[in-house]
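One-letter residues, chain by chain:
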Amino acid sequence: MTDDAPSSRLRALLPDLTPWRASVDFRRLWISGAISTFGSFLTFVALPVQIKELTGSAAAVGAIGAVELVPLIVFGLYGGALADAMDKRKLIVWTEAGQGLLSVALLVNSLLPHPVVWPLYVVAALSSALVSVQRPALDSLFPRLVAHEHLPAAAALNSLRWTVGGVAGPALAGVVVAYAGLGWAYGADLLTFFLSVLMVVRIAAAPASHEAVKPSLRAIAEGARYAWNRKELLGTYAVDLAAMFLAMPLAVLPFLADELDADWSLGLMYAAVPAGSLVVSLTSGWTSRVDRHGRMVVLSAALWGLAIAAAGVVGNVWLVLLFLAVAGGCDMVSGIFRGAMWNQTIPDELRGRLAGIELLSYSVGPTVGQVRSGGLAALYGVRASVWSGGLLCAGAVGLLALCLPQLMRYDVRTNEHAVRMRDKRAAAAAPPPAQPGAEAKAETETVGPQG
């Protein structure tokens with residue numbers, strides 16, 4: 001009995017694989033996403049490297065983010081409306097195929113005797129548009145494939161997929177670009193899109209719900225009104241925006257490594273945040289047993305800010321790496337519970353549009369946050385930029401918790417929207433009622449004619 005106790009505790013920490021075992025379509029979509037994510041990180045590293053080689057300009061490299069921002073905002077919202085109005089599987093397949101064509105363009109350009117710069121920006125903008133259209137469809141499809149009570153576990157498994165890609169993808173990309181060349185990186189990315197499409201086409205069709213409306217500005221506005229009226233959802237968006245805008249330090253890490261006289265640590269600094277996220281993903285079994293998701297979102301976001309502040313205060317590079325990893329773990333906890341709240345409470349007919357809003361909440365914040373951290377570093381110093389952003393984040397999260405008490409009160413067991421969704425899905429999964437007279441007919445057939 002005592003011998004089993006340690007192994008039981010270990011199993012309780014490991015990721016809950018129930019969604020993987022119970023749904024073959026979830027498994028296929030997860031594998032497809034893992035393959036595609038891994039390949040995308042190859043281009044994520046190769047594209048700025050190629051622009052740097054062609055221009056020698058840091059500003060030219062930074063312009064990638066500028067050309068990606070507008071498509072992200074516009075197509076994120078429109079992609080959410082499309083996801084509600086179309087077959088989600090078809091939308092994922094076509095956008096994945098489009099990404100593959102963009103990889104072809106990058107590959108061809110890299111093989112030219114004199115590669116051209118402007119197509120790289122065009123591809124970056126188009127890729128941002130395709131990702132923004134695809135992500136709402138992906139995010140709104142997962143709740144259809146997994147039982148309601150297993151959605152937190154599915155969110156943790158999806159986070160594990162992203163964090164593994166975030167750690168391993170850039171590391172491999174650096175080796176491929178350095179030793180094999182840009183063409184090999186783009187070619188490998190093209191292969192991953194091909195394999196990903198092969199997995200997605202095997203998933204069952206996911207047509208629009210009966211209540212779905214055609215994509216339009218009115219439909220987008222309807223989704224925004226729903227989000228505004230759901231203050232606990234609004235709180236998840238606001239908390240994530242505050243955390244990423246105020247405390248995202250990635251833009252100043254090269255300068256922080258300089259100040260610490262530890263240039264060798266820059267790669268470790270970039271890897272520390274996703275490494276911390278990976279540790280949480282690998283030990284996420286406990287998240288399925290937590291019901292007060294809103295409190296966990298607030299607590300983990302505040303701890304993210306405090307960990308970033310600590311990374312800016314300490315003068316030892318190993319402590320900096322430790323606090324960055326702790327921050328990454330806290331961010332992952334926040335992400336898991338935000339995803340659970342979204343997936344367990346939003347009606348299917350609005351899921352795509354709300355996923356588009358979610359895309360903006362976790363994508364725009366980091367993009368604009370780089371500008372904030374870089375600007376403050378120029379004015380007040382690198383470490384001041386880091387620790388002040390972390391403290392501002394913790395304070396902003398606390399203020400949001402006070403202003404949006406519905407977020408702190410959220411309990412998946414009692415929240416009216418979670419209960420409604422749980423009952424609706426249970427009713428849909430229940431066997432159809434017997435037809436009138438069916439029991440009598442069955443009894444007659446079993447016993448046979450009388451007399």
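Residues numbered from 1 in each chain as written. Predicted model: local features only at pLDDT ≥ 70, side-chain atom pairs only at ≥ 80, totals over all residues. Heavy atoms only, no water.

Trainee: Hey, could you run me through the overall build of the protein in this one?
Mentor: The helix and strand tally for the protein stands at 19 helices and zero strands. Relative to the 2.2 N^0.38 estimate, which gives 22 Å for 451 residues, the radius of gyration of the protein is 24 Å and therefore close to what a compact globule would have. For the protein, the spread of C-alpha atoms along the three principal axes comes to 100 × 55 × 50 Å. Per-residue burial over the protein gives 49% buried out of 451 residues. For the protein, contacts bridging at least 24 residues in sequence account for 86% of all contacts bridging at least 6. Carbon and sulfur atoms make up 69% of the accessible area of the protein, which totals about 21,100 Å². (Helix = DSSP H or I, 4+ residues; strand = E, 2+ residues; numbered from the N terminus. Rg over C-alpha atoms; globule rule 2.2 N^0.38 Å. Buried < 20%, exposed > 50% of the residue type's maximum accessible area, 1.4 Å probe, protein only. Contact = heavy atoms within 4.5 Å. Areas by Shrake-Rupley, 256 points an atom, 1.4 Å probe, with all protein chains shown as cover.)

Trainee: Can you help me understand a negative patch on the surface in this one?
Mentor: There is a patch of like negative charges on the surface, built from Asp 258, Glu 259, Asp 261 and Asp 263. Tracing the chain through its elements places Asp 258 in helix α11 (residues 253–259). (Patch = residues over 30% accessible without salt bridge, like charges linked within 9 Å, V, L, I, M, F, W, Y side chains within 5 Å. Salt bridge = Lys/Arg side-chain N within 4 Å of Asp/Glu carboxyl O. Lys, Arg positive; Asp, Glu negative; His and termini not counted. Charge placed at Lys NZ, Arg CZ, Asp CG, Glu CD.)

Trainee: Please clarify how the confidence of the model for the protein should be interpreted in this entry.
Mentor: In regions of low pLDDT, the predicted coordinates are not meant to be interpreted in detail. Predicted confidence across the protein gives a mean pLDDT of 83, with 90% of residues reaching 70 or more. The weakest mean pLDDT in the protein belongs to helix α19 (residues 438–447) at 44; the strongest belongs to helix α13 (residues 293–313) at 96. Taken as a whole, residues 439–451 scores under 50 in pLDDT and shows zero contacts with residues more than four places along the chain or in a different chain. (pLDDT = per-residue confidence, 0-100.)

Trainee: Whenever I open this one, the packing of aromatic side chains confuses me. Can you help?
Mentor: Aromatic ring pairs are defined here through the distance separating the ring centres and the angle between the ring planes. Tallied over the full model, the rule gives four aromatic pairs. Plain terms: the ring middles of Trp 20 and Trp 30 are 5.2 Å apart, the flat faces sit at 85° to each other, and that makes the pair edge-to-face. Residue Trp 20 is located in helix α2 (residues 18–22), and its partner Trp 30 is located in helix α3 (residues 24–55); the two are separated by ten residues in the primary sequence. According to the relative accessible area criterion, Trp 20 is partly exposed, its value standing at 27%. Ring geometry for Tyr 237 versus Trp 342: centroids 5.8 Å apart, planes at 40°, classification tilted. One end of the pair, Tyr 237, is in helix α10 (residues 231–247); the other, Trp 342, is in helix α14 (residues 317–345), with 105 residues separating them in the sequence. Across the ring face of Trp 228, the terminal group of Lys 231 is positioned such that the distance to the ring centre comes to 4.0 Å. (Phe/Tyr/Trp six-rings, centres within 6.5 Å; stacked < 30°, edge-to-face > 60°. Lys NZ or Arg CZ within 6 Å of the ring centre and 35° of its normal.)

Trainee: Teacher, can you tell me more about the packing of helix α9 (residues 217–229) against α10 here?
Mentor: Any two packed helices are characterised by the angle at which their axes cross and by the distance between the axes. Close contact between α9 and α10 brings their axes to 5 Å; oriented N to C, the two are set at 95°. Taken as axis vectors, α9 and α10 run roughly perpendicular relative to one another. Contacts between α9 and α10 pair Tyr 226, Ala 227, Trp 228 and Asn 229 from the former with Lys 231, Leu 233, Leu 234 and Tyr 237 from the latter. (Axes fitted to C-alpha atoms, helices over the stretch in contact; angles between N-to-C directions. Parallel < 35°, antiparallel > 145°, perpendicular 65-115°, else oblique.)

Trainee: Can you walk me through the environment of Arg 218 in this structure?
Mentor: Residue position: Arg 218 is located in helix α9. Taking C-alpha positions, Arg 218 is 18 Å from Pro 347, a pair spaced 129 residues apart along the chain.

Trainee: I tried to follow the environment of Glu 96 on my own but got confused; where do I start?
Mentor: Within the element layout of this structure, Glu 96 appears in helix α5 (residues 88–111). C-alpha separation for the pair Glu 96 and Ala 173, spaced 77 residues apart in sequence, amounts to 20 Å. Leave out the neighbours within four places in its chain, and Glu 96 touches Ser 36, Gln 134, Phe 193, Ser 196 and Val 197. Within the local environment of Glu 96, its side chain forms a polar contact with the side chain of Ser 36, the two groups lying 2.7 Å apart. (Polar contact = N/O pair within 3.5 Å; in protein donor to acceptor, adjacent residues only side chain to side chain.)

Trainee: In this structure, what is going on with the side chain of His 293? I would like to understand it.
Mentor: For His 293, the position within the fold is in helix α13. On the accessibility criterion, His 293 (1% relative accessible area) is buried.

Trainee: Where do I start with the environment of Leu 400 in this structure?
Mentor: Along the polypeptide, Leu 400 turns up in helix α16 (residues 382–403). Sequence-wise, Leu 400 and Trp 318 are 82 residues apart; in three dimensions their C-alpha atoms are separated by 32 Å.

Trainee: In this structure, what is going on with the packing of helix α6 (residues 118–145) against helix α7 (residues 151–179)? I would like to understand it.
Mentor: Here α6 crosses α7 at 140°, and the two axes come no closer than 10 Å. As far as their axial angle goes, α7 and α6 are oblique. Judged by residue contacts, Arg 135, Phe 142 and Pro 143 of α6 engage Leu 151, Asn 158, Arg 161 and Trp 162 from α7. For the contact of α6 with α7, the per-class residue count stands at four nonpolar, one polar and two charged. (Nonpolar A, V, L, I, M, F, W, Y, C, P; charged D, E, K, R; others polar.)

Trainee: Would you explain the nonpolar core in this entry?
Mentor: Soluble globular proteins tend to bury their nonpolar side chains together. With 50 residues, the main nonpolar core has Met 269, Trp 304, Val 320 and Leu 324 as its most contacted residues. Listed by contribution, the elements that provide at least two residues to this core are α10, α11, α12 (266–282), α13, α14 and α16. Top contributing element to this core by residue count: α14, with eleven residues. (Core = buried A, V, L, I, M, F, W, Y, C linked by side-chain atoms within 4.5 Å.)

Trainee: Honestly, the pattern of salt bridges in this entry has me stumped. Any pointers?
Mentor: A side chain of one charge can pair with a side chain of the opposite charge if their charged atoms are brought near each other. Going through the model one piece at a time under the given rule, you end up with twelve salt bridges. With a shortest N-O distance of 3.9 Å, Arg 135 and Asp 139 are connected by a salt bridge. Of the two residues, Arg 135 and Asp 139 both sit in helix α6, four residues apart, roughly one turn of that helix. This pair shows no difference in class: Arg 135 is buried, exactly as Asp 139 is. Across the pair Asp 348 and Arg 144 runs a salt bridge, and its minimum N-O distance is 2.8 Å. Linking Asp 348 in the loop between α14 and α15 (351–380) with Arg 144 in helix α6, this pair joins segments that are 204 residues apart in sequence. Judged by relative accessible area, Asp 348 falls into the partly exposed class, the value being 21%. In this structure, a network of salt bridges that share partners links the residues Asp 291, Arg 292, Asp 411 and Arg 413.

Trainee: For this particular structure, what's the right way to read the side chain of Asn 109?
Mentor: Mapped onto the secondary structure, Asn 109 falls in helix α5. By relative accessible area, Asn 109 is classed as buried at 6%. Separated by 3.1 Å, the side chain of Asn 109 and the backbone oxygen of Val 116 make a polar contact.

Trainee: Please clarify how the state of the cysteines should be interpreted in this entry.
Mentor: One way to say it: the disulfide is the covalent bond shared by the sulfur atoms of two cysteines. Counting across every chain of the model gives zero disulfides. Take Cys 330: it sits in no disulfide, and the sulfur closest to it among the cysteines is that of Cys 393, at 10 Å. Residue classification places Cys 330 among the buried residues on the basis of a relative accessible area of 13%. (Disulfide = S-S within 2.5 Å.)

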